[in-house]
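Here's the letter readout for the chains.
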Amino acid sequence: MKRNKEKNIFVALCLAPALLLFTIFMVIPTLNVFYISTLKWGGLSANKTFVGLKNYTILFEDMNFIASLQNTILIIVIVTIITMVVSLIFASIIVREDIKFKNFFRVIFYIPNILSVVVISSIFAQIYDPSTNGLLNSILGLFNGEGWTTIKFLGDQGIVIYAIIGAMIWQAIGYYMVMYMASISAIPEHLYEAAQIAGASRFTQFTRITIPLIWNNIRTTLTFFIISSINLSFLFVKVMTSGGPDGASETVLSYLYSQAYTNASYGYGMAIGAVVFILSFILSGAISKATKRDVLEY
Amino acid sequence: MKKIKNMSTEKLFKFFVYSALLTLAVSIIIPVAWVFMASIKENSEFYANPWNLPMGVYFENFKIAFIEAKMGEYFMNSVIATTIGLVVLLLVALPAAYVLARFNFKGKKFVDGMLMAGLFVNVNYIVVPIFLMLLGADNMIYDLIEQELVLNNIFVLGIVYAATAIPFTVYLLSSFFRTLPKAYEEAAEIDGCGYFKTMTKVMIPLAMPSIVTVLLFNFLAFWNEYILALTLNPSSGKTLPVGLMSLMQASRGKAEYGVLYAGLVIVMLPTLILYILVQKKLTQGMTMGGLKD
Amino acid sequence: MKKLFKVLLASLLCLGLVGCSADTDDNAGDATGTPETPVLKIAGLDGGYGSAGWEAVIANFEAAEGVSVELQLEKNIAEVLRPVINSGKDIPDLVYLAVGATGGLTEAMISEKQILDISDVLDMQVGAEGVTVGEKLLPGFTDALTSSPYQDGSLYLAPINYGPCGLFYDANLLATKGWELPTTWAEMFELGDLAAAEGIALFTYPTTGYFDAFFSAVLNSVVGPEQYAKLMTYDVAAWESESTKEAFALVGKLAGYVEENTVANANGEGFTKNQLLILDNKAIFCPNGTWLPGEMAEAPRTEGFEWGFTSIPAYTEGGDAYATTFVEQMYIPTSAENADLAKKFIAYCYSDEAAALFYTNGGAVMPIVGNEKFITAEDPNSLYYNIYNTGAKANAVGFAAIEKVEGVDLTSADGILYGTVNSVVAGTKTVEEWHADVVEAVKKLNK
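Residues numbered from 1 in each chain as written. Chains lettered and ligands numbered in written order. Predicted model: local features only at pLDDT ≥ 70, side-chain atom pairs only at ≥ 80, totals over all residues. Heavy atoms only, no water.

Asks: I'm lost on the overall build of chain B in this one. Help?
Replies: Within chain B one finds 12 helices and 0 strands. Starting at the N terminus and ending at the C terminus, chain B contains elements arranged as α-α-α-α-α-α-α-α-α-α-α-α. Taking 19 Å as the expected radius of gyration for a compact globule of 293 residues, we find that chain B reaches 25 Å, considerably beyond that expectation. Here the C-alpha coordinates of chain B stretch approximately 90 × 70 × 30 Å along the principal axes. Within chain B, the proportion of its 293 residues that are buried is 58%. Total accessible area computed for chain B in this model is approximately 12500 Å², and 67% of it derives from carbon and sulfur atoms. Seen as two clouds, the 22 positive and the 18 negative side-chain charges of chain B have centres 16 Å apart. (Helix = DSSP H or I, 4+ residues; strand = E, 2+ residues; numbered from the N terminus. Rg over C-alpha atoms; globule rule 2.2 N^0.38 Å. Buried < 20%, exposed > 50% of the residue type's maximum accessible area, 1.4 Å probe, protein only. Areas by Shrake-Rupley, 256 points an atom, 1.4 Å probe, with all protein chains shown as cover. Lys, Arg positive; Asp, Glu negative; His and termini not counted. Charge placed at Lys NZ, Arg CZ, Asp CG, Glu CD.)

Asks: Can you help me understand the overall build of chain A in this one?
Replies: The number of helices and strands found in chain A is 12 helices and 2 strands. Starting at the N terminus and walking to the C terminus, you meet the elements of chain A as α-β-β-α-α-α-α-α-α-α-α-α-α-α. With the C-alpha coordinates aligned to their principal axes, the bounding extent of chain A is approximately 85 × 75 × 30 Å. Split into buried and exposed, the 298 residues of chain A put 57% on the buried side.

Asks: Looking at this structure, I do not really get unusual backbone geometry. What am I missing?
Replies: For residues besides glycine, phi is generally negative; the peptide bonds are generally trans as well. For the bond from Gly244 of chain A to Pro245 of chain A, the omega torsion is -5°, close enough to zero to count as cis. For Pro245 of chain A, the position within the fold is in the loop between α10 (215–240) and α11 (252–262). With a phi close to 60°, Lys70 of chain B is a non-glycine residue in the positive phi region. With respect to the helices and strands, the residue Lys70 of chain B is situated in the loop between α2 (60–68) and α3 (71–102). Exposure remark for Lys70 of chain B: the relative accessible area of 40% places this residue in the partly exposed category. Located in the positive-phi region is Asn152 of chain B, a residue other than glycine, with phi close to 55°. Here Asn152 of chain B shows up in the loop between α5 (123–145) and α6 (154–179). Residue class for Asn152 of chain B comes out partly exposed when judged on its relative accessible area of 26%.

Asks: In this structure, what is going on with the pairing of strand β6 (residues 283–288) of chain C? I would like to understand it.
Replies: Consecutive side chains of a regular strand alternate in pointing toward one face of the sheet and then the other. Residues and elements named next belong to chain C. The buried count for β6 comes to 6 of 6 residues, which makes it a mostly enclosed element. Pairing between strand β4 (residues 158–170) and β6: 3 bridges, direction antiparallel. Among the inter-strand pairings, Leu167 is bridged to a residue of β6, identified as Pro287. Sheet topology note: the strand β5 (residues 201–203)/β6 ladder contains 2 bridges and is parallel. (Pairing = 2+ DSSP bridges.)

Asks: Help me understand α3 of chain B in this model?
Replies: Residues three or four positions apart in an α-helix share a direction because the helix packs 3.6 residues into each turn. Residue and element names in this part refer to chain B. Between its first and last C-alpha atoms α3 spans 45 Å; for 32 residues at 1.5 Å apiece the expected length is 46 Å, and the two agree. By the largest-angle criterion, Ala93 marks the main kink of α3, which is about 30°, and a proline, Pro95, follows within four residues. Where burial is concerned, most of α3 is hidden: 26 out of the 32 residues are buried. (Expected span 1.5 Å × (residues − 1). Bend = angle between axes of the 7 residues up to and from the residue.)

Asks: Where do I start with the packing of aromatic side chains in this structure?
Replies: Aromatic ring pairs are defined here through the distance separating the ring centres and the angle between the ring planes. According to the stated counting rule, one finds 65 aromatic pairs over all chains in the structure shown. Judged by centre distance (5.2 Å) and plane angle (90°), the rings of Phe309 of chain C and Tyr384 of chain C are edge-to-face. Here the residue Phe309 of chain C occupies a position in strand β7 (residues 307–310), and Tyr384 of chain C occupies one in helix α16 (residues 382–385), the gap between them amounting to 75 residues. What makes Phe309 of chain C buried here is its relative accessible area of 8%. These aromatic residues form a ring-pair network of at least three members: Tyr110, Tyr175, Tyr176, Phe224 and Phe225 of chain A together with Phe168, Tyr171, Phe217 and Tyr275 of chain B. One Lys or Arg, Arg96 of chain A, reaches over the ring of Tyr192 of chain A and ends 3.4 Å from the middle of that ring. (Phe/Tyr/Trp six-rings, centres within 6.5 Å; stacked < 30°, edge-to-face > 60°. Lys NZ or Arg CZ within 6 Å of the ring centre and 35° of its normal.)

Asks: Explain the interface of chain B and chain A here, please?
Replies: Often, the extent of an interface is quoted as the loss of accessible area upon association of its parts. Chain B puts 89 residues into the contact, and the matching count from chain A is 85 residues. Buried area between chain B and chain A, both sides added, is near 7900 Å², and the carbon and sulfur share of it is 76%. For the pair chain B and chain A, the interface holds 1 salt bridge. A salt bridge links Arg202 of chain A to Glu10 of chain B; its shortest N-O distance comes to 2.9 Å. Going through the elements one at a time, α1 (2–38), α3, α4 (108–118), α5, α6, α8 (195–206), α9 (208–223) and α12 (257–285) of chain B are the ones with two or more residues in the side of chain B that touches chain A. In terms of residues, the side of chain B that touches chain A owes the most to one element, α1 of chain B, which gives 17 residues. A class-by-class count of the residues in the side of chain B that touches chain A yields 69 nonpolar, 14 polar and 6 charged. (Contact = heavy atoms within 4.5 Å. Buried area = accessible area lost by both parts, 1.4 Å probe. Salt bridge = Lys/Arg side-chain N within 4 Å of Asp/Glu carboxyl O. Nonpolar A, V, L, I, M, F, W, Y, C, P; charged D, E, K, R; others polar.)

Asks: Explain the packing of helix α5 (residues 117–127) of chain A against α10 of chain A here, please?
Replies: All names here are of chain A. The contact between α5 and α10 brings their axes to 9 Å, and the two run at 55°. The pairing of α5 with α10 is recorded here as oblique in orientation. When the axes of α5 and α10 are compared, the crossing they make is right-handed. Residues Val117, Ile120, Ser121 and Phe124 of α5 touch α10, and the partners they reach there are Leu232, Leu235, Phe236, Val239 and Met240. The residue makeup of the contact of α5 with α10, split by class, is 8 nonpolar, 1 polar and no charged. (Axes fitted to C-alpha atoms, helices over the stretch in contact; angles between N-to-C directions. Parallel < 35°, antiparallel > 145°, perpendicular 65-115°, else oblique. Left-handed = near helix turned anticlockwise from the far one by under 90°.)

Asks: Sorry if this is basic, but what is going on with the nonpolar core here?
Replies: Ranked by internal contacts, the top residues of the largest apolar core, which has 302 residues, are Phe109 and Tyr180 of chain A, Met71 and Phe177 of chain B together with Met330 and Phe345 of chain C. The leading source of residues in this core is helix α7 (residues 160–184) of chain A, at 19 residues. Counting only domains with at least three residues in this core, you end up with domain 1 (39–162 + 326–377) and domain 2 (163–325 + 398–445) of chain C. Of all hydrophobic cores here, the second largest spans 62 residues; its members include Phe214, Ala217, Val397 and Tyr418 of chain C. (Core = buried A, V, L, I, M, F, W, Y, C linked by side-chain atoms within 4.5 Å. Domains from an automatic or database assignment.)

Asks: Any chance you could explain the interface of chain A and chain C here in plain terms?
Replies: Contacts between the two partners involve 38 residues from chain A, matched on the other side by 35 residues from chain C. Overall, the association of chain A and chain C removes approximately 2900 Å² of surface from exposure, summing both partners, and the carbon and sulfur fraction of that is 47%. The largest contributions to the chain A side of the interface with chain C come from Leu44, Asp246 and Asn263 of chain A, which together make up 24% of the buried area. Taken together, the links from chain A to chain C amount to 5 salt bridges. Run the count over chain A and chain C and you get 15 residue pairs in polar contact (both at pLDDT 80 or more). Looking at the side of chain A that touches chain C, the elements that each hand over two or more residues are β1 (39–41), α2 (54–59), α5, α10 and α11 of chain A. Of the residues assigned to the side of chain A that touches chain C, the class counts are 13 nonpolar, 19 polar and 6 charged. (Polar contact = N/O pair within 3.5 Å; in protein donor to acceptor, adjacent residues only side chain to side chain.)

Asks: Please explain the side chain of Asn218 of chain B as it appears in this structure.
Replies: All names here are of chain B. Positionally, Asn218 belongs in helix α9. For Asn218, a relative accessible area of 4% corresponds to the buried category. Asn218 has contacts with Leu86, Leu89, Ala165 and Thr169, leaving out every residue within four places of it along the chain.

Asks: What is the right way to read the confidence of the model for chain B from this model?
Replies: Close reading of the predicted structure is inappropriate where its pLDDT is low. All names here are of chain B. A residue-level look at chain B finds 93% of positions with pLDDT of 70 or above and a mean pLDDT of 87. Per-element confidence in chain B ranges from a low mean pLDDT of 86 for α1 to a high of 95 for α3. Counting interchain partners and residues more than four positions distant, the pLDDT-below-50 stretch residues 288–293 has 20 contacts. Prediction confidence for the complex, expressed as pTM and ipTM, is 0.89 and 0.90 respectively. (pLDDT = per-residue confidence, 0-100.)

Asks: Just checking my understanding: could you explain α8 of chain B for this structure?
Replies: Along its 12 residues, α8 of chain B runs 15 Å from first to last C-alpha, staying within 8% of the 16 Å computed at 1.5 Å per residue. Turning to α8 of chain B, its buried residues are Tyr195, Thr198, Met199, Met203 and Ile204 of chain B. Buried residues along α8 of chain B cover an arc of 135° about the axis, so they all sit on one side. The secondary structure elements touched by the buried residues of α8 of chain B are α1 (2–36) of chain A together with α3, α6, α7 (183–190) and α9 of chain B. (Arc of directions from axis to C-beta.)

Asks: So what exactly am I meant to see when it comes to the state of the cysteines here?
Replies: In a disulfide, the sulfur atoms of two cysteines are covalently bonded to one another. Within this structure, the stated rule accounts for 0 disulfides over all chains. Summary of cysteine pairing: Cys193 of chain B is not part of a disulfide, and the nearest cysteine sulfur, belonging to Cys14 of chain A, is at 15 Å. Accessibility expressed as a relative area gives 18% for Cys193 of chain B, which makes it buried. The structure places no disulfide on Cys286 of chain C, whose sulfur is separated from the nearest cysteine sulfur, that of Cys165 of chain C, by 11 Å. Residue Cys286 of chain C is classed as buried on the basis of its relative accessible area, which comes to 0%. (Disulfide = S-S within 2.5 Å.)

Here is the structure:
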């Protein structure tokens, strides 16, 4: 009994500081976001009017918001799929294959993740430059003959979102690769040896051993993908295209910004924030449910 | 015959593997090297092909960035805010993560759920509510002691950094704690360690790789953070990313590209150095999502 | 690892000490600002004119008035000031930030009615010059919508730093090719076809943000001043009218002559590359303001390059050609503490002494009577300011204040009116769609 009481005190003491900070700086502000989202408020004056759920009804008829939401979802889906596949393959190659300079690759691949978005954006501004000076265009120019016109990566409304996605994937591969490497290297070697003896190819080993055994880790990263794609797409777009051309690369958070500040509709901006919060939470929960499998033991 | 065929597919495979790895490596090294190169270029060189090598070494950029653009001063602020953020974060998140991972208690599900939801809160929209709250606190304090303590305070900024990183950090650390075998605690109990001693003397040292990972992640996040620093410290205590904005091209003004890139290098260099120092631990600490839970 | 902890803790302690001592320094600084000598706080944009002009003017003002002035100029001043104004504390007494500047802070201040009525400044004496501010200011500036946004006859935003916005080009290029400078849109497109045959585009623009000055001049010349005034007050019928549509159609036609990389670079990272196009003779015209030559001073250019500057072409032969007058604003927030001192400062800014300092330290021109004495004929700036003496009419840009509507951004740089130009140029939206979008937005704003 005494031990139990002691335990409860210990638990409470350990949790209290974290929960206190968390409540003050995250829970209360988030509740405030919901409260402000029911106001018509420009964000500067004391002039606030309660409008109930009006901001939300406007929101769901606002085609610009819908478009920015579609862009965001497209970004999440493509960045997740490509980054996951590439980083899984690279992780298993670096861990499992007899490759020289393993450490070198591991160290280098992570570097984009430690750069600030400003650096990455100015790098990609040079890479995507629409003139023949642009890195990608000068490479493409080698394969194309006379009369070829350069690709306007940031100017073509059909391409710009993929240009942003490209930069995001470049930035994310190393991060997820290191995560997957950690769990792949924990898989016992004898499983692969047995498979090899049974004549399983590399591909079969990858799909039948590696993937199932790190499945939980992959599921965890799905949540990270959603959270970080929403956040990073905003940062990338803000510096690289400011949502342009003509809103073609607008994401939910950049739209939140332009509404809350440029359009002086702060209450509306917070309604966007609230919707983003709820949607990402639901999305992640749904994906987590859908990907639940019985964990394989080894 | 079959053996030869195997040999050649093996070679082909290796060829693909190396070219894929090298392509990615080159696509990272060249742009990063380019940023360093750009930081020693003179302004007029920026209008030429960006991939040209610098004509000379122009260190004036760094001098201007450090002194005129006050990046030196902002550097100190960034160091303070980041350090406080990391220390506070570890102090509060480690015990919480440990308890959530290894103990069963009433309300655990609720706490887990709250922290999980916290993962989805984005700083970009709670920044103004945080600001308004701190402002209210400041006004209260001012009524009492005629001093403003909370806003424009680099220490408070550090604490806010720590607070906003709690969900992610606790999540990462508790995933790691969960992978540790129960035997450690049992042994500690037999040795007569109390709960507190078990945590500090046995469990936390075991979590070192994970702690290093968490430190690196959050260092990167705090160091590059912009919106909180800008909003919560409007008049003093600017950090590097905020200072960087004043190096960006002014609307309708002449661009100082060289100085901007020097500023970017000043921001980037510490993160690169720290990363190189801890990169070995990184893979170990990433074991999470629980292979065995 | 323990070591790392110790180092962290130790550095924390050291930094704590450093931080504390810095704090006390701040307090000492505060203490000198005793209540008897009021401190005038000025915050504003660190823009193309630089800070030297402000510093020189402030130094003189301090000496004359025996006050001290705190100046804070930032490139991202809108972001910096927003929380400060929200907090209602330490609010600057004077804000220098133009309508239309990035961040939309000034527009928000207008629509939220946070700007002080400063009509009384017009009756204040300008130094010892024996004239009032009202007499000293050039006519037309104080009743423009950018200065008197509520159309109530009161002055809220004081005009500062004016200059014409027109089309920049390489005079040498036209001369060597034997091309005439177009005066009407018909001639403009003729020149476009001629140039296209030689692989030169007719037109480029830095970002769609520059269409506020450009497109409003087009509108004014096509629809005439009367209807233009209605457009600026969100009159639905005026926006729907056929003549307004024609102005949209002109831009639609011009879109076909825009240099191909323009849209890709029409953003914060790439707009300088668009401006370079006219220096490289890849495009002929670029709408911009008087700051452009200074902004591009270090950029390489084709041999013989010579800055040329002209108004927006007239709609018809013999019609009016307009060049938008770009003017910045400074204003006093309603919650400023030293409003009277700020008003005094505004009045001082219009003195010959201050105007001369602004001009010699950064090239900003005050909208005051007699400012031509600062700009001599051999001064390169005379090229731009002479534009109104050589036939172009001045066009004022600025919309009336209106309550913001959620989800409807009509007038910002990326808003429906200007931002859609990128789509028209890229060919993803037709002129009709653009016009319909604008009309729909105007209707929503009128609700």
